[in-house]
Amino acid sequence: SYAARAGDEATAAFAFDRAARLYRTALSLLPRGASERASLYLRLGDAHSNGGRGHEAAEAYVAAAELYPEASSLELRRRAAENLLRSGYIDEGMQHLRAVLVAVGMELPATPSSTLTALLFRRAELRLRGLDFMERHPDRIPAAELRRVDVCWSAAKGLGMVDTIRGAYFQVRALPFALAAGDPYRVSRSLSLEFGFVATVGPSARHRVDELQRAAEAAAERSRHPHALALIPALSGVAMFLEGRFH
């Protein structure tokens, strides 16, 4: 219990590698069947994820997933897939991602051309739909809706740097799902990633980028979530770089 508590204090101080060592110590001292193991594996996964150690995070999340009920297990496997993809373990990450997508009734597009076609179609649909949403507290949104948003977010973020078209496709799936769900944090998060992807077109997309960024800022202000507020300047910098505004 002292090792686990020390791990929590290290996490609060952003000492993520130290937190991971302490959680491992706590796990080594617990009997194999102890109920606390699930929570410790989850906290270990979070510590590794926050510390940028994606493969170790995925291993911990998978270990936790085997001890949690099905709904929580799926969320943990989503986190495992995201951490593997963003840390360069593409084949392993794709294996986990495919399983998670199947669980939420989705699949990866079969070919690059079919992905591009679907991406363009979904972007046209999004323009017709618009960016308005009716705000709902996450506690009042069905878990399946939130899970679908989060799975698409993980796919978009994980694939964005290694398979940009498929990453953009999942992003343009995530955004309408987020708007329909109505959680301002998830809406702002998806809008930020969307204007980052749209900016890959270059300066000609600047008007659409600005429109999406304004909508992201408004949703972030409604959520007051620190992650949403931080993503906007981060993705704004990416967009400016892609538009050639280097200074």
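It should be noted that the structure appears before, not after, this text.
In this report, the structure presented in the accompanying data block is examined. (Residues numbered from 1 in each chain as written. Predicted model: local features only at pLDDT ≥ 70, side-chain atom pairs only at ≥ 80, totals over all residues. Heavy atoms only, no water.)

### As for unusual backbone geometry
Right, so step 1: Positive phi, normally seen in glycine, also occurs at Phe14, with a value near 65°.
Right, so step 2: Within the secondary structure, Phe14 is located in the loop between helix 1 (2-12) and helix 2 (16-29).
Right, so step 3: With a relative accessible area of 65%, Phe14 lands in the exposed category.
Right, so step 4: Positive phi, close to 55°, is recorded for Arg224, a residue that is not glycine. (Helix = DSSP H or I, 4+ residues; strand = E, 2+ residues; numbered from the N terminus. Buried < 20%, exposed > 50% of the residue type's maximum accessible area, 1.4 Å probe, protein only.)

### Focus on the nonpolar core
Right, so step 1: Leu97, Phe170 and Leu191 are the most contacted members of the largest nonpolar core, which has 50 residues in total.
Right, so step 2: Among the secondary structure elements, those contributing two or more residues to this core are helix 5 (70-86), helix 6 (90-103), helix 7 (112-129), helix 8 (143-159), helix 9 (164-181), helix 10 (184-198), helix 11 (206-223) and helix 12 (226-242).
Right, so step 3: Among all residues touching Phe170, those that are not within four sequence positions of it are Leu101, Met106, Glu107, Leu108, Pro109, Cys152, Ala155, Ala156 and Leu159. (Core = buried A, V, L, I, M, F, W, Y, C linked by side-chain atoms within 4.5 Å. Contact = heavy atoms within 4.5 Å.)

### Here we look at the environment of Tyr89
Right, so step 1: Relative to the assigned elements, Tyr89 resides in the loop between helix 5 and helix 6.
Right, so step 2: Considering only alpha carbons, one finds Tyr89 and Leu42, 47 residues apart in sequence, at a separation of 20 Å.
Right, so step 3: For Tyr89, the contacting residues outside a window of four places in its chain are His55 and Leu84.

### Considering the environment of Gly182
Right, so step 1: Along the chain, the position of Gly182 falls in the loop between helix 9 and helix 10.
Right, so step 2: Owing to a relative accessible area of 0%, Gly182 belongs among the buried residues under this scheme.
Right, so step 3: Each C-alpha atom, one on Gly182 and one on Met134, is 5.4 Å from the other, the two residues being 48 residues apart in sequence.
Right, so step 4: Look past the residues within four positions of Gly182 in its chain and what remains in contact with it is Phe133, Met134, Glu135, Arg136 and Ile141.

### A closer look at the packing of helix 11 against helix 12
The description of two packed helices rests on the angle between their axes and on the distance between the axes.
Right, so step 1: At a closest axis distance of 9 Å, the pairing of helix 11 and helix 12 adopts a crossing angle of 165°. With respect to each other, helix 11 and helix 12 are oriented roughly antiparallel. For the crossing formed where helix 11 meets helix 12, the hand is left-handed. Counted together, Val209, Gln213, Ala216, Glu217, Ala220, Glu221 and Ser223 of helix 11 and Ala228, Leu229, Ile232, Ser236 and Ala239 of helix 12 form the full contact between these two elements.
Right, so step 2: Along the lines of polarity and charge, the residues of the contact of helix 11 with helix 12 split into seven nonpolar, three polar and two charged. (Axes fitted to C-alpha atoms, helices over the stretch in contact; angles between N-to-C directions. Parallel < 35°, antiparallel > 145°, perpendicular 65-115°, else oblique. Left-handed = near helix turned anticlockwise from the far one by under 90°. Nonpolar A, V, L, I, M, F, W, Y, C, P; charged D, E, K, R; others polar.)

### Topic: the side chain of Glu82
Right, so step 1: By the secondary structure assignment, Glu82 is in helix 5.
Right, so step 2: With a relative accessible area of 8%, Glu82 lands in the buried category.
Right, so step 3: The contact partners of Glu82, leaving out residues within four places of it in the chain, are Trp153, Ser154 and Lys157.

### As for the packing of aromatic side chains
For any pair of aromatic rings, geometry is given as the distance between the ring centres together with the angle between the planes.
Right, so step 1: A complete count under the given rule lists three aromatic pairs for this structure.
Right, so step 2: Plain terms: the ring middles of Tyr169 and Phe170 are 5.1 Å apart, the flat faces sit at 70° to each other, and that makes the pair edge-to-face. Accessibility assignment for this pair places Tyr169 and Phe170 in one class, buried.
Right, so step 3: Measuring from centroid to centroid gives 5.3 Å for Phe241 and Phe246, while their planes differ by 65°, and the two rings are edge-to-face. Comparing Phe241 with Phe246 shows no difference in burial state: the two are exposed.
Right, so step 4: Here the basic side chain of Arg148 rests over the ring of Phe177, its NZ or CZ set 3.9 Å away from the ring centre. (Phe/Tyr/Trp six-rings, centres within 6.5 Å; stacked < 30°, edge-to-face > 60°. Lys NZ or Arg CZ within 6 Å of the ring centre and 35° of its normal.)

### Some details on the pattern of salt bridges
Right, so step 1: All chains considered together, the criterion is met by 19 salt bridges.
Right, so step 2: Of the charged contacts, one joins Asp46 and Arg79 as a salt bridge, the two residues approaching to 3.0 Å between their closest N and O atoms. Here the residue Asp46 occupies a position in helix 3 (residues 36-50), and Arg79 occupies one in helix 5, the gap between them amounting to 33 residues.
Right, so step 3: Residue Asp46 is classed as partly exposed on the basis of its relative accessible area, which comes to 27%.
Right, so step 4: One salt bridge connects Arg123 with Glu194, and the closest N-O pair in it is separated by 3.4 Å. Placement of Arg123 in helix 7 and of Glu194 in helix 10 is noted, with a sequence separation of 71 residues between them. (Salt bridge = Lys/Arg side-chain N within 4 Å of Asp/Glu carboxyl O.)

### Overview of a nonpolar patch on the surface
Right, so step 1: Taken together, Val238, Phe241, Leu242 and Phe246 make up a surface patch of nonpolar side chains, about 410 Å² in accessible area.
Right, so step 2: Its location among the elements puts Val238 in helix 12.
Right, so step 3: Exposure remark for Val238: the relative accessible area of 38% places this residue in the partly exposed category. (Patch = residues over 30% accessible without salt bridge, like charges linked within 9 Å, V, L, I, M, F, W, Y side chains within 5 Å. Areas by Shrake-Rupley, 256 points an atom, 1.4 Å probe, with all protein chains shown as cover.)

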